[in-house]
Amino acid sequence: MEYLLTEFLNFLQIEKNAAANTVASYQNDLTRYLKFLKERGVTEIRQTRPSDILALIETLRSVDYAPSSTARNLSAIRTFHRFLARENYVEQDPTTDISFPKLSKYLPDTLSQFEIERILAQPDVTTPKGLRDKAMLEMLYAAGLRVSELIALRLSDLFFSDGFIRVFGKGSKERIVPIGEQAIYFTEQYLKTVRPSQARPGSGDYIFLSHLGKKLTRMGLWLILRGYVVEAGIAKKVSPHTFRHSFATHLIEGGADLRAVQEMLGHADISSTQIYTHLDREYIKEVHRNFHPRERRPEKSSI
């Protein structure tokens, strides 16, 4: 069974061009799955029955797995078995007649524009670290980037004279994202005055570097942001991804086209973008009151 798992992971990596994090997630979920099957006496994958998969669902529920984690596990299992059937490693797919639970769309946490401004105002741009952090946070919000996308940005991905950057998202898919003047200004200042002194022979052309000259890590960025959130006096639980959610929400609140936001976020399916259409109800009501012709109070009659 381990051989078949290796074949599947190679398929994801080579033929589907899946991101390293995606492959690692499949590997973890399916390794757990195969171990569970062995504990039930299943030594060959073709022996797997629907009852084995249903038993795994119950086990995950009994240990209080989050519904999203359970759904991710089951999605990995279904994709794995479909691959095995398609490649003729097995004759039947045991997941065919299993109803997989559907998760309701959740509304991501967002920050108001005022809260974003509070956080962006915290870095001390008179210091090398503060200028780097200011450039990073401005870039994160200006382009709605994922953490992995921000820390992977290279000098060759900047096209500031044209007002955009190149981003490589999930599955190494390339997209072009517009970038605003604030992000451009502070990033250019960082590149001119700070990065040259941070760079080392092994730094490559990554834009944002640690004080040791290494590519910044996901955890490093999270800790940097967390410090500024505390300094800004914001009690919400804020992560770098919160900036991405806020970017999308603020664009749509401002009247941006959903398809344009989808393109900027790098969503393959517009349904992933539609969760950002949850405009505040009071805001919508206010717009209706101000602009709908039948909401205007009639002028007092002179009769």
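This structure is a prediction, so every number in the text was calculated from the model and none was measured. (Residues numbered from 1 in each chain as written. Predicted model: local features only at pLDDT ≥ 70, side-chain atom pairs only at ≥ 80, totals over all residues. Heavy atoms only, no water.)

Student: It is not clear to me how the overall build of the chain should be interpreted in this structure. Could you clarify?
Tutor: Within the chain, the regular secondary structure consists of 14 helices and three strands. Within the chain, counting contacts between residues at least 6 apart in sequence, those at least 24 apart form 57% of the total. A total accessible area of about 17,900 Å² is found for the chain, and carbon and sulfur atoms account for 51% of it. (Helix = DSSP H or I, 4+ residues; strand = E, 2+ residues; numbered from the N terminus. Contact = heavy atoms within 4.5 Å. Areas by Shrake-Rupley, 256 points an atom, 1.4 Å probe, with all protein chains shown as cover.)

Student: Teacher, can you tell me more about the pairing of strand β3 (residues 174–178) here?
Tutor: Regular strands place their side chains on alternate faces of the sheet. Burial along β3 is one-sided: Arg 175 and Val 177 are buried, and none of Glu 174, Ile 176 and Pro 178, which face the opposite way, are. The turn joining strand β2 (residues 164–168) and β3, which pair antiparallel and follow one another in sequence, is formed by five residues; a positive phi near 70° is taken by Gly 171. (Buried < 20%, exposed > 50% of the residue type's maximum accessible area, 1.4 Å probe, protein only. Pairing = 2+ DSSP bridges.)

Student: Can you help me understand unusual backbone geometry in this one?
Tutor: Excluding glycine, residues mostly have negative phi values, and the peptide bonds linking residues are mostly trans. With phi around 65°, Asn 88 is a residue other than glycine that occupies positive phi space. Within the secondary structure, Asn 88 sits in the loop between α4 (67–86) and α5 (113–120).

Student: Explain the nonpolar core to me, please; I cannot follow it from the model alone.
Tutor: When a protein is soluble and globular, its nonpolar side chains tend to lie buried together. Residues Ile 119, Met 139, Leu 145, Leu 150, Ile 165 and Phe 243 are the most contacted members of the largest nonpolar core, which totals 48 residues. Those elements giving two or more residues to this core turn out to be α5, α6 (128–143), α7 (147–151), β2, α8 (181–193), α10 (218–231), α11 (240–253) and α12 (258–265). Ranked by residues supplied to this core, first place goes to α6 with eight residues. Ignoring any residue separated from it by four or fewer positions in sequence, one finds Ile 165 in contact with Met 139, Ala 143, Leu 145, Leu 153, Asp 157, Leu 158, Phe 160, Arg 175, Ile 176, Val 177 and Ile 179. Among the nonpolar cores identified, the runner-up in size contains 30 residues, and Phe 8, Leu 9, Val 23 and Ile 53 belong to it. (Core = buried A, V, L, I, M, F, W, Y, C linked by side-chain atoms within 4.5 Å.)

Student: How should I be thinking about the packing of helix α1 (residues 2–15) against α4 in this particular structure?
Tutor: Geometrically, a packed helix pair is captured by the angle between its two axes and the distance between the axes. For the pair α1 and α4, the least separation of the axes is 11 Å and the interaxial angle reads 95°. In terms of orientation, α1 lies roughly perpendicular with respect to α4. Every residue of α4 that contacts α1 at Leu 4, Leu 5, Glu 7, Phe 8 and Phe 11 is listed here: Thr 79, Phe 80, Phe 83, Leu 84 and Arg 86. Grouping the amino acids of the contact of α1 with α4 by side-chain chemistry returns seven nonpolar, one polar and two charged. (Axes fitted to C-alpha atoms, helices over the stretch in contact; angles between N-to-C directions. Parallel < 35°, antiparallel > 145°, perpendicular 65-115°, else oblique. Nonpolar A, V, L, I, M, F, W, Y, C, P; charged D, E, K, R; others polar.)

Student: Sorry, what's going on with the sheet that holds β2 here?
Tutor: What links the strands of a sheet is backbone hydrogen bonding, and the strands pair in either a parallel or an antiparallel sense. Pairing is antiparallel across the open sheet formed by three strands, whose spatial order is β1-β2-β3. The sheet is open, and its two borders are formed by β1 (158–159) and β3, each paired with just one other strand. Note that β2 and β3 share five bridges and pair antiparallel. Across the sheet, residue Arg 166 finds its bridge partner in β3, namely Ile 176.

Student: Help me understand α5, please; the structure alone is not making it clear to me.
Tutor: Since the α-helix turns once every 3.6 residues, residues separated by three or four places project in the same direction. Every buried residue of α5 is accounted for by Glu 115, Ile 116, Ile 119 and Leu 120. Viewed end-on, α5 has its buried residues packed into an arc of 135°, placing them on one side of the element. Opposite its buried face, α5 presents the exposed residues Phe 114 and Glu 117, each directed more than 90 degrees away. (Arc of directions from axis to C-beta.)

Student: Which parts of the structure should I look at to understand the side chain of Thr 249?
Tutor: Within the element layout of this structure, Thr 249 appears in helix α11. Among the polar contacts listed, one links the side chain of Thr 249 to the backbone oxygen of His 245, at a separation of 2.9 Å. (Polar contact = N/O pair within 3.5 Å; in protein donor to acceptor, adjacent residues only side chain to side chain.)

Student: Could you clarify how one ought to interpret the environment of His 81 in this entry?
Tutor: Counting through the fold element by element, His 81 comes out in helix α4. It is 7.2 Å that separates the C-alpha atoms of His 81 and Thr 95, two residues lying 14 residues apart in sequence.

Student: Mind showing me how you'd approach the pattern of salt bridges here?
Tutor: Should the charged atoms of two oppositely charged side chains come close, the side chains can pair. Inspection of the entire model under this criterion finds 15 salt bridges. Measuring nitrogen to oxygen at the nearest pair gives 3.6 Å for the salt bridge that ties Asp 52 to Arg 49. When its relative accessible area of 0% is taken as the criterion, Asp 52 is described as buried. Among the salt bridges present, the one from Glu 138 reaches Lys 134, with a minimum N-O distance of 3.0 Å. Here Lys 134 and Glu 138 lie together in helix α6, a separation of four residues that amounts to about one turn. One network of salt bridges, with partners in common, ties together Asp 29, Arg 32 and Arg 72. (Salt bridge = Lys/Arg side-chain N within 4 Å of Asp/Glu carboxyl O.)

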